[in-house]
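The residues making up each chain are set out below.
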Amino acid sequence: MQRGLRRREGWAREWERRLSPAPLAEPALAPLAVEPGQIPDSQALGMAHDDCPGRQHGGRRRGQRALATFLAGRGAGYMRGMSSPLSAQTRCSRFSVALATGALSLREVVHAVRTQGEAGPGPVPLRDLVSLEKRLHWHCHFIQKLESEPEIEFRNVHRGFDGLREDDFRRDWFDAWAGGETGWPFVDACLRSLRATGWINFRMRAMLVSVASYQLWLHWPEPAHHLARLFTDYEPGIHYPQVQMQAGVTGINIPRMYNPIKQSQDQDPRGEFIRHWLPELAGVPDDWIHTPWLMGGAHQRSAGAVIGRDYPAPVRDHEQAAREARARLTAWKRQHVEREESRRVFEKHGSRARQRKRGNRRKPEPAPPVPTALQPDLF
């Protein structure tokens, strides 16, 4: 226990040691004149059609612009605006692509955020700047997990969950989820938005993995690989630990089962996001936009959204599926999840603050999950 605590404290000190020095100055390079000749297009190169027309472009200048606009005022409301896909498009930092590709360094971002915060009241409230810096810290914390144990890209963090879902994989449910055709409008809208833009906010990423893992009972690797292919800001060190945490196979986090209907009502109350990405539901009234399958036949015809013809029926009853998943997970943990393995995972991957709290209590039970307000955002 103390060994794990010291390791976590060492990582925190190392994070500060590496980020505290001023960023290196951008080198002054003389322009290089290159005549590339005729550049072949994607068709000539035999590349597959790009079905992500709204993909965010990368590059150093675009990354700098995203950071500058965030600090100039776009980040005002970051804490509250990051949860809904309606507001997250602008309220989230949107320089995750630059971080993932190295166009921006984490150090220069941290220094820019701290400099703005130390300057006093500005266009972005201090609480939003502090919230962003916390997520930058979690960004490194999760990358460290994969660096410490690279195998978690391929196998469960907690080996006691081996065999939990592997033999129950439903290809038809996976295809419906991946194709944005589950019959749950908010889930489908998020997936279709992700396919078209290469980006969706963190809360919705968590919901997509949760629905795949619990309501559809899919073993996490295939959903993880599908999302990895879609994320323009794909960062494996964040991606695989996060997926496993949401799938409930770490042994040190309480499973978070997202209700797709409640998320829809909370994050898209008027159905604006749903209607944008699911035009087949454009005529559905607000009262039914989250659960169109509950409309009567006459209402469906009037709205031009006949379930089973214009839009699929839900692949499952989401509430019943969540109850079954919770019961199966509980029974599995009682029979297969050993406390010693949970302790190993916690000491290797648990957060420093949680380890200190647990050490003070001297209790062997796994620590509670990280509060939602401190969940690492994928920006």
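Above this note sits the structure.
Cut-offs applied
- Residues numbered from 1 in each chain as written.
- Predicted model: local features only at pLDDT ≥ 70, side-chain atom pairs only at ≥ 80, totals over all residues.
- Heavy atoms only, no water.
- Salt bridge = Lys/Arg side-chain N within 4 Å of Asp/Glu carboxyl O.
- Buried < 20%, exposed > 50% of the residue type's maximum accessible area, 1.4 Å probe, protein only.
- Phe/Tyr/Trp six-rings, centres within 6.5 Å; stacked < 30°, edge-to-face > 60°.
- Helix = DSSP H or I, 4+ residues; strand = E, 2+ residues; numbered from the N terminus.
- Lys NZ or Arg CZ within 6 Å of the ring centre and 35° of its normal.

Asker: Summarise the pattern of salt bridges; cite the residues concerned and give the values.
Answerer: Applying the stated criterion to the full structure yields 19 salt bridges. Between Asp-162 and Arg-159 there is a salt bridge, with its nearest N and O atoms 2.8 Å apart. Judged by its relative accessible area of 28%, Asp-162 falls in the partly exposed class. What makes Arg-159 partly exposed here is its relative accessible area of 39%. Linking Glu-324 and Arg-316 is a salt bridge whose minimum nitrogen-to-oxygen distance equals 2.8 Å. Through salt bridges with shared partners, one network takes in Glu-26, Arg-60, Arg-61 and Glu-108.

Asker: Now, about the packing of aromatic side chains: what can you tell me, with residues and values included?
Answerer: Per the counting criterion, the structure on display carries 7 aromatic pairs. With 6.2 Å between their ring centres and 80° between their planes, Phe-70 and Phe-95 make a pair best called edge-to-face. Here Phe-70 is found in helix α2 (residues 60-74), whereas its partner Phe-95 is found in the loop between α4 (85-91) and α5 (96-101), with 25 residues between them in sequence. Exposure class is identical for Phe-70 and Phe-95. Each is buried. Residues Tyr-234 and Tyr-240 carry aromatic rings whose centres are separated by 6.4 Å and whose planes lie at 85° to one another, so their mutual orientation is edge-to-face. Put simply, the rings of Phe-70, Tyr-78 and Phe-95 touch in pairs and so form one group of aromatic residues. Taking NZ or CZ as reference, Arg-165 lies 4.5 Å from the ring centre of Trp-217, over its face. Arg-170 extends its terminal NZ or CZ atom over the ring of Trp-173, reaching a point 4.1 Å from the ring centre.

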